[in-house]
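# Summary of structural features
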Amino acid sequence: MSAHVPEPPRRPWAPAVLVLIVFLFLSGCADRPAAAPAAFPHGAAGPEAEGERAALAVPAVPRVVPQEIPGLGPATRDLIPSGALQAFVVTGEDADSNRSTAVLYARDSPAADWRPVTGLWPAHNGMQGWTGFHEAGDLRSPTGVYALTDAGGLLPDPGTLLPYDQHEYFATDGEGFFGESLEGSFDYVVAINYNRTPGMSPLDRTRPLGAERGGGIWIHVDHGGPTQGCVSVEEEHMEELLRTLDPAKQPVIVMGDATSLAR
């Protein structure tokens, strides 16, 4: 008969210790970083969503469109050289009218607004109005955009920055279409670079397109009536125009009837 072996004493604290160890392990102790939550609370956003919302919160910068010259349509504006900072705009009443108005516009840079620098001047143009295909003797002014590079006149230079040719050949007499005197019409002129060689005196008769396409189209002193094809403004306005035009600003004339210029 074997001897009786007594049972070991019970340890009632062992289950409690085990539970505590498991609790500490699962609760993030024991130097273990806490796990990231599986999802953000209702209504909250993650880092990516917060970044997107911040980007959307930045106001967009509006694109600034420069102020254009009134009355000119896109086709006409496209003809103005990008570097031109002065534009003398002559607008005829209609295609067959010899009456028009003129305003000198300027801008500080190609991206800046156009602004008027003179008032609205009365002007005359060709006796029969305007044409998109000027020919010698048609009594119409050519529509389009042309550079202004050279000046001259019977009178001394009034203070222009353009090359100025003072010559007695600018003297004229006779009568206009309505009997008005032509004397003094060419006291001051600015050559319009239609069918001419830039850099030459307005008196130069070279015609690159041929003599049949006309030439000698000028801005000159108004004599109170229509012209053969030139543009004319009052003498005081011619003086102001000459003193204002600056070859460094690549001045142009934009000329034609209102309908054509609006295209």
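Now for a look at the structure at hand.

Attention now goes to the overall build of the chain. Across its full length, the chain holds five helices and 13 strands. Here the chain, with 263 residues, has 38% of them falling under the buried criterion. Long-range pairs, those at least 24 residues apart, make up 62% of the contacts in the chain between residues at least 6 apart in sequence. Entry remark: accessible area of the chain is about 15,600 Å², with carbon and sulfur atoms responsible for 58%.

Turning our eyes to something else, we now look at unusual backbone geometry. Even without glycine at this site, Asn195 takes up a positive phi of about 50°. Here Asn195 is to be found in the loop between β10 (189-191) and β11 (218-221). Backbone geometry at Gln250 places phi at a positive 50°, although glycine is not the residue there. Relative to the helices and strands, Gln250 resides in the loop between α4 (235-244) and β13 (252-257). Residue classification places Gln250 among the partly exposed residues on the basis of a relative accessible area of 43%.

Our next topic: α4. Those residues of α4 that fall on the buried side of the exposure criterion are His237, Met238, Leu241 and Leu242. Taken end-on, α4 shows its buried residues confined to a sector of 140°, consistent with a single buried face.

So, on to the nonpolar core. Where a protein is soluble and globular, its nonpolar side chains tend to be buried together. By size, the foremost hydrophobic cluster in this structure holds 27 residues, and its most contacted members are Phe88, Val190, Ile192, Ile219, Met238 and Ile253. Breaking this core down by element, the ones donating at least two residues are β1 (86-92), β2 (99-106), β4 (121-124), β11, β12 (231-233), α4 and β13. With sequence-adjacent residues up to four places away left out, Phe88 is seen in contact with Ala102, Val103, Leu104, Trp121, Leu148, Ile219, Val233, Leu241, Val252, Ile253 and Val254. Ile69, Leu72, Tyr105 and Leu261 belong to the second-largest nonpolar core, a separate cluster that totals 13 residues.

Quick look at the environment of Gly214 now. Locating Gly214 in the fold gives a position in the loop between β10 and β11. Spatially, the C-alpha atoms of Gly214 and Asn195 are 7.3 Å apart, while their sequence positions differ by 19 residues. With sequence-adjacent residues up to four places away left out, Gly214 is seen in contact with His134, Glu135, Ala136, Tyr194, Asn195 and Arg207.

For the structure on display, the rule yields four aromatic pairs. Between Phe170 and Trp218 the ring centres are 5.7 Å apart and the planes differ by 55°, which places this aromatic pair in the tilted class. Separated by 48 residues along the polypeptide, Phe170 in the loop between β9 (164-166) and β10 and Trp218 in strand β11 bring together distant segments of the chain. Phe170 sits in the buried class, given a relative accessible area of 1%. Overall, the relative accessible area of 10% leaves Trp218 in the buried class. Grouping aromatic residues by their ring pairs yields a cluster made of Phe170, Phe186 and Trp218. The ring of Phe133 carries Arg213 above its face, with NZ or CZ at 3.9 Å from the centroid.

In the structure shown here, the tally under the stated rule is one cavity of 30 Å³ or more. Put simply, the largest cavity is a space of about 40 Å³. Forming the boundary of the largest cavity are Ile192, Tyr194, Arg196, Pro202, Asp204, Arg207, Gly216, Ile217 and Trp218. For the lining of the largest cavity, the residue count by class is five nonpolar, one polar and three charged.

Turning to the side chain of Glu180, a few remarks are in order. Considering the arrangement of structural elements, one finds Glu180 in the loop between β9 and β10. For the buried Glu180, no salt bridge is present, and the opposite-charge side chain at shortest range is Arg99, 9.5 Å distant. Engagement of the side chain of Glu180 in a polar contact is seen with the backbone nitrogen of Phe178, the distance being 3.0 Å. When neighbours within four sequence positions are excluded, Glu180 is seen to be in contact with Gly174, Glu175, His223, Gly224, Gly225 and Pro226.

Rules behind the numbers
- Residues numbered from 1 in each chain as written.
- Predicted model: local features only at pLDDT ≥ 70, side-chain atom pairs only at ≥ 80, totals over all residues.
- Heavy atoms only, no water.
- Helix = DSSP H or I, 4+ residues; strand = E, 2+ residues; numbered from the N terminus.
- Buried < 20%, exposed > 50% of the residue type's maximum accessible area, 1.4 Å probe, protein only.
- Contact = heavy atoms within 4.5 Å.
- Areas by Shrake-Rupley, 256 points an atom, 1.4 Å probe, with all protein chains shown as cover.
- Arc of directions from axis to C-beta.
- Core = buried A, V, L, I, M, F, W, Y, C linked by side-chain atoms within 4.5 Å.
- Phe/Tyr/Trp six-rings, centres within 6.5 Å; stacked < 30°, edge-to-face > 60°.
- Lys NZ or Arg CZ within 6 Å of the ring centre and 35° of its normal.
- 1 Å grid on protein atoms, 1.4 Å probe; cavity = no way out; pocket = protein on both sides within 12 Å on 5 of 7 lines; lining within 4 Å.
- Points joined across faces, edges and corners; volume = space filled by probe spheres on them.
- Nonpolar A, V, L, I, M, F, W, Y, C, P; charged D, E, K, R; others polar.
- Lys, Arg positive; Asp, Glu negative; His and termini not counted.
- Salt bridge = Lys/Arg side-chain N within 4 Å of Asp/Glu carboxyl O.
- Polar contact = N/O pair within 3.5 Å; in protein donor to acceptor, adjacent residues only side chain to side chain.

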